[in-house]
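Remarks on the overall topology
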Amino acid sequence: MNIYNDFKNQIFEIFLKVTKNNNKSLDDIHTLKEKFTVELPREESHGDISTNICLVLSKIVGLKPIELAILMKSNLEKLDCFVGISIEGPGFININLENSFWHEQILKILKLKSKFGRSEIFLNNNINVEFVSANPTGPLHVGHVRGAVIGDVLSNILKMVGYNVTKEYYINDAGNQIDVLAASVFIRYEELITKNKAEIPEGYYPGEYLIQLAKSLYDVHGDSLLNVDKLKSLELIKKFSIEYLLNQIKDDLKKLNIEMDKYSSEKKLVEDLSVEKTIQELDKKGLIYIGVLPSPKSNAEDWEPKEQTLFKAKKFGDDEDRTIIKSDGALTYFASDVAYHRDKLIRTKGKLINIWGADHSGYVKRMTAAVNAIADKDGQLEIKLCQMVNLIKNNKPLKMSKRAGNFITLNEIIDEVGADAIRFIMLTRKNDQVLDFDFDKVTEKSKDNPVFYVKYAHARICSVLNKAEQLGYDTEKNNYDLSYLNNDVHLKLCKILTYWPKVIETSAIHKEPHRVAFYLIELSSVFHSLWSLGREYDELRFFQKENDASTYANLNLLKAIKVVICSGLDLFSVSAPQEM
RNA sequence: GCGCCCGUAGCUCAGCUGGAUAGAGCACCAGACUUCGAAUCUGGGUGUCGGGAGUUCGAAUCUCUCCGGGCGUGCCA
C-alpha cells in the first residue's frame, strides 16, 4: 500500500488520456513512468502531493509544461479526494487531499498492523546479502559491527519488499593466514605447558584471546600435541582453532541479534575444485592469460616483472588485469573469491550484495569485474561500503592499536551499552559517512540519544493506552470517526505515517537502511510535539472527557503511530519497551 | 602517483537519487510541569551547499577542473 504509487498511476492515466497516447507499448509506458515523480513535497505550502509530470513529459508531446498542466488539471479535478489542484512555478501540479483521505489511511494502518509497509515490488526476487565475513582469526571487534548491523537490517528491509533473502557469511578458512593462526596458537599452547613466557614473533597473532583458546585445546588434547609430528599437530590445531573462533563469532553475532542463514567455507571451495572450475570457465571465455603486470607507479624499486596467470579484469572496467595464479603456482585469494561469487550466483539465481568495510574499497572494481564476467551481464553484484566507526569516550577518541589485546571487542561494547543502542546508532548515519560512536551519549536518557527518543515515544503511547484501558475504553476497537483529527499536527502525523511504505521502498531500492532511522526519529518528534500541545490546549488532549468519539479518534491515531514505530524497531531488531 | 569516499549553519548531520524559498538536532537565549510520563515541548537566526566552469526549464545532487580531508593502493590477507 503505497499511495504515491497509486496516485502516480492515476496521474499517468490522465496524461495518456489528455495527450491521446493510449496506444503506447508497455516498454514505453515503463520508461515514461520512470521519468516523473509523485511525492509528498518538502514544503507544506506545496500541497499534499506534488508532481513534476508536466515539466518532464511536456517535450515528448510537443506542449509547453504549463499547457499540459492546464489540460491535466480539469481531469484531475474529477478524481475523488482531490480538493485543491494548482499549477505552480514552471509547471508543477500541486494537489491537496481531503482530511478524510488521511483518516482512512489511519484505519488502513490499524487493519494491516505489522503488514503495513510491506510491498510486493520485488516479490519472488532472490537476493544474497553477504556481510561480516570476518576472518576466523580472532573475536569480532568494532570494525565489524557496522557492517554487521547494516547487513542485517538491510536484509530485513529487503524482505519487506518481497525479496527472498539469504544472509551469508564467508569464512576465509584457507590460505596463509590460517597457517599463521595455527602457528600462533601452537606458541600459546607451548607456553601453557612449558610455563615459559613466549615471545610472539613479528607477523604472528599476538592477541591474548589465543591463550584461552590454547587452554581449551589443552583441555581436549592434553600435552599430546607437543609429542607428535608438528605438521600433524598444526593441521589439527588449525581445525580446532577455526571451529573455536567461529563459534565465538557466532555467539557474538547472536548477542547482537544476528543470525546468518548460511556460512560458506573457502576451504571447501578449494577442496571441491570449485576454484579450478571457475578458472577453467573464465579461460573458456578467453579471459585468462599468462602475462606480466605493468610496473606499479609508486614503490617500484624492488619491482620485478614475473609471469603469472591473469584475469582480464580491465575488460570489465577494472584498472588492471588481476592475478589469479601467482608466479609460484599458488592461487590468490582473489581466485577463491571469484569462485565463491560464482557459487553464490549459481545458488542464488538473483542478485548479490556485499557489505564491505571501506578499507576494502580497492577491491570493488575487480570483484565487480569478475562477477560481470561470470554472469555475462552487468549489475548482478552491488557492493556497499561502510565507513569506519570512531569510538569516543569521555569526549576523547579511543584509539585502538593493533598490538596485543588492545582492541575493543564487540562483546565488550555490547556488555557496556547493550545491543539496542549499538544497532540503532549504527543506522543513524549514511553508510559511506564516518560515524562517531560515543559511549556516553548512546546510553544517555535524553533527546540527544535517538535510541532513547524513539523508544520513549513508544513507551509514552503505551502509557496512554494503558490509562485508556483503566478508564474503561475499548482499545481494541478501530473504525471510529476520525474526523476529530483535524489539527495540523494530527494531519501531519497522518501524512508521515502514510509515508512509511515509501520509506521502506526507497531504503530497499537504494540499499540505505539509515533512511528508516531518520524517519523514526522524525515520527517520534512530531508525536512528542502533539503530546506537549495537549498541555497547552485542552482540545488536543488525548482524553476528551465529554466526547468519547474524539477520545477514540485520538487512541486510534496513537495506535497507528505505535504500529509504525514497532515495525521500524522490529526491522532494526531493537526492543520497544512498554515503559522505561 | 593512482583509485574510492567525503566537504551543506559555530558543531554533528539529513536532503526523497535533477525540483520550487536548502532542512533537522546540538550549542546559545527566552519560555511551558496541580493535567495522558517536563527523560518532553514551544519560540528566537544562522548558509559564497569547498572554489570555478559546463549540461537544462531547474544543480547541493550530473560532467569537467582545482583545493582540502579520510581510506585504500604490487603476486597483501
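Residues numbered from 1 in each chain as written. Chains lettered and ligands numbered in written order. Predicted model: local features only at pLDDT ≥ 70, side-chain atom pairs only at ≥ 80, totals over all residues. Heavy atoms only, no water.

Thoughts on the nonpolar core
Our working rule: Side-chain atoms within 4.5 Å link the members of a nonpolar core, which is a set of buried Ala, Val, Leu, Ile, Met, Phe, Trp, Tyr and Cys residues. The rule is simple: take the accessible area with a 1.4 Å probe, protein chains only, and divide by the maximum for that residue type; under 20% is buried, over 50% is exposed, in between is partly exposed. Each helix is a run of DSSP H or I of at least 4 residues and each strand a run of E of at least 2, with the numbering of both proceeding from the N terminus. Whether two residues are in contact is decided by their heavy atoms: any pair within 4.5 Å suffices.
Counting residues in each nonpolar core, the largest one holds 124 residues, and the members touching the most others are M72, L256, F437, I561 and F572. Looking at which element gives the most residues to this core, the answer is helix α21 (residues 548-572), with 13 residues. Not counting the four nearest positions on each side in its chain, L256 is found in contact with V145, A148, V149, L410, I414, A419, I422 and R423. Judged by nonpolar contacts, the second largest core, of 26 residues, contains V275, A335, A339 and L381.

Overview of the protein's contact with RNA strand B
Formally: Here a residue is considered near a molecule or strand provided that any single heavy atom belonging to it is located within 4 Å of it. Polar contact criterion, stated in full: a pair of N or O atoms within 3.5 Å, where within protein one must be able to donate a hydrogen and the other to accept it, and residues adjacent in sequence count only if both atoms are side-chain atoms. Throughout, the ten residues Ala, Val, Leu, Ile, Met, Phe, Trp, Tyr, Cys and Pro are labelled nonpolar, Asp, Glu, Lys and Arg are labelled charged, and all others, Gly among them, are labelled polar.
Taken together, 71 residues lie around RNA strand B, and S50, W303, K306, Y333 and R535 are the ones closest in. Near the protein, within 4 Å, the atoms of RNA strand B are sugar or phosphate in 58% of cases. A distance of 3.1 Å separates a base nitrogen of RNA strand B from a polar side-chain atom of Y363. At 3.3 Å from a sugar or linking oxygen of RNA strand B is found a side-chain nitrogen or oxygen belonging to K365. Put simply, the parts of the chain that give the surface near RNA strand B at least two residues each are α3 (53-57), β4 (92-97), α7 (176-194), α13 (333-348), α18 (450-470), α19 (488-510) and α20 (514-536). Top contributing element to the surface near RNA strand B by residue count: α20, with 9 residues. Partitioning the surface near RNA strand B into residue classes produces 25 nonpolar, 24 polar and 22 charged.

Here we look at a positive patch on the surface
Selection rule: Within this analysis, patches are made of residues with over 30% relative accessible area and no salt bridge. Like charges are joined at 9 Å or less; nonpolar side chains (Val, Leu, Ile, Met, Phe, Trp, Tyr) at 5 Å or less. Note on areas: Shrake-Rupley, 1.4 Å probe, and residue coverage restricted to the protein chains presented here. When a carboxyl oxygen of Asp or Glu lies within 4 Å of a side-chain nitrogen of Lys or Arg, that pair is called a salt bridge. Residues scored as positive are Lys and Arg, those scored as negative are Asp and Glu, and His as well as the terminal groups of each chain are ignored. Here the site of a charge means atom NZ of a Lys, CZ of an Arg, CG of an Asp or CD of a Glu.
On the surface, a cluster of positive charge is made up of K467, R535, R541 and K545. Turning to its location among the elements, K545 is positioned in the loop between α20 and α21. Looking at K545, the relative accessible area reads 77%, which means it is exposed.

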